[in-house]
Amino acid sequence: MDTEFTPTPFDSHLQDRTLQILKTAIPYIPYPSQRAVATFVKMMELSRANSLFEHKEPSLQMCEGMNTSARILQMLDAIRPLCTESDQSNIDLISNVLSMADLYGGMFHGQEDV
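Quick notes on the rules
All chains use their own residue numbering, which begins from 1 and follows the written sequence. Restriction of local features to residues with pLDDT of at least 70 applies here, the model being predicted, together with a cutoff of 80 or more for giving and counting side-chain atom pairs; totals for whole chains, interfaces and linings are based on all residues. Calculated side-chain values reflect all of the structure's heavy atoms, with hydrogen atoms and water omitted. Working definition: helices are DSSP H or I runs of at least four residues, strands are E runs of at least two. Numbering for both runs from the N terminus. Three labels apply to residues, based on accessible area from a 1.4 Å probe with only protein chains included: buried if under 20% of the type maximum, exposed if over 50%, partly exposed otherwise in between. Whether two residues are in contact is decided by their heavy atoms: any pair within 4.5 Å suffices. Method for areas: the Shrake-Rupley scheme with a 1.4 Å probe, in which residue coverage is limited to the protein chains shown. Expected helix span is given by 1.5 Å per residue-to-residue step, counting one fewer step than there are residues. Basic side-chain nitrogens of Lys or Arg form a salt bridge, by our definition, when they fall within 4 Å of a carboxyl oxygen of Asp or Glu. As used in this structure description, the phrase polar contact means that two N or O atoms lie within 3.5 Å; if the pair is within protein, one of them must be able to donate a hydrogen and the other to accept it, and residues adjacent in sequence are counted only when both atoms belong to side chains. The angle between two axes is taken between their N-to-C directions and runs from 0 to 180 degrees, where each axis is a line fitted to C-alpha atoms and a helix contributes only its stretch in contact. Relative orientations are named as follows: roughly parallel for angles under 35 degrees, roughly antiparallel for angles over 145 degrees, roughly perpendicular for angles from 65 to 115 degrees, and oblique for any other angle. Two helices cross in a left-handed way if the nearer one is turned anticlockwise from the farther one by less than a right angle. They cross in a right-handed way if the turn is clockwise. We call Asp, Glu, Lys and Arg charged. Ala, Val, Leu, Ile, Met, Phe, Trp, Tyr, Cys and Pro are nonpolar, and the rest, Gly among them, are polar.

Trainee: Could you give an account of the overall build of the chain, naming the residues involved and the relevant values?
Mentor: Each helix and strand in the chain was counted, giving five helices and zero strands. Helices (α) and strands (β) of the chain occur, in sequence order from the N terminus, as α-α-α-α-α. Counting every position in the chain, which comprises 114 residues, the buried fraction comes to 16%. Considering only residue pairs separated by 6 or more positions, the chain has 44% of its internal contacts joining residues 24 or more positions apart. Of the roughly 9,300 Å² that the chain leaves accessible, carbon and sulfur atoms contribute 61%.

Structure (structure tokens):
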């Protein structure tokens with residue numbers, strides 16, 4: 001796992017250039033004002049996060065129409081690069097189990113009618 005911050009799709013909905021500038025400036029602001037600016041930035045992000053869920057159509061939906069197992073596999077694939085090697089091994093194991101369960105279910109799905 002590398003220590004470089006990579007914004008997630010969720011973060012990209014919350015961030016803009018103005019907030020990035022404010023976040024970058026915080027260490028250079030006089031200490032008594034840092035807390036207020038940092039709190040303001042987080043409140044802006046929270047407000048944006050809340051507004052994402054006010055619409056009837058989801059703006060964060062990545063896997064529309066996919067079954068639960070496929071969604072889980074895609075989610076695990078997306079978070080894997082952020083994990084430690086040990087966690088990645090666990091994710092690989094879970095992914096393999098889900099894939100085998102899907103394959104097994106697909107092989108015998110049509111035989112229920114027999």
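Next comes the rest of the description.
Trainee: Hey, could you go over helix α5 (residues 85-108) for me, with residue numbers and the actual values?
Mentor: Compared with an ideal rise of 1.5 Å per residue, which puts 24 residues at 34 Å, α5 spans 35 Å between its outermost C-alpha atoms and is within 8% of the ideal. Within α5, the full set of buried residues consists of Gln 88, Ile 91 and Ser 95. Those residues of α5 that are buried are in contact with α4 (68-79).

Trainee: For the environment of Ile 79, give the residues involved together with the corresponding values.
Mentor: Relative to the assigned elements, Ile 79 resides in helix α4. For Ile 79, a relative accessible area of 34% gives the class partly exposed. As a C-alpha pair, Ile 79 and Thr 8 span 71 residues in sequence and 9.5 Å in three-dimensional space.

Trainee: Requested: an account of the pattern of salt bridges, with residues and values cited.
Mentor: With the rule as written, the count across this model stands at four salt bridges. Between Asp 16 and Arg 48 there is a salt bridge, with its nearest N and O atoms 3.0 Å apart. One end of the pair, Asp 16, is in the loop between α1 (9-14) and α2 (17-25); the other, Arg 48, is in helix α3 (residues 31-52), and 32 residues separate them in sequence. The salt bridge partner of Arg 80 is Asp 92, with a shortest N-O separation of 2.7 Å. With Arg 80 in the loop between α4 and α5 and Asp 92 in helix α5, this residue pair connects regions lying 12 residues apart in the sequence. It is possible to trace a salt-bridge network through shared partners that takes in Lys 23, Lys 42 and Glu 45.

Trainee: Got a sec to walk through the side chain of Gln 34? Specific residues and values, please.
Mentor: For Gln 34, the location among the structural elements is in helix α3. A polar side-chain atom of Gln 34 sits 3.1 Å from the main-chain carbonyl oxygen of Ile 29. Beyond its immediate sequence surroundings of up to four residues, Gln 34 is in contact with Ile 26, Pro 27 and Ile 29.

Trainee: Tell me about the packing of α2 against α3, and name the residues and values.
Mentor: Geometry of a packed helix pair, given as the angle between the helix axes and the separation of the axes. Relative orientation of the contacting elements α2 and α3 amounts to 155 degrees, with a least axis distance of 10 Å. On the basis of the axis angle, α2 is roughly antiparallel to α3. Where α2 crosses over α3, the two elements pack in a sense that is left-handed. Residues Leu 19, Leu 22 and Lys 23 of α2 touch α3, and the partners they reach there are Phe 40, Val 41, Lys 42, Met 44, Glu 45 and Arg 48. Residues of the contact of α2 with α3, tallied by class, amount to five nonpolar, no polar and four charged.

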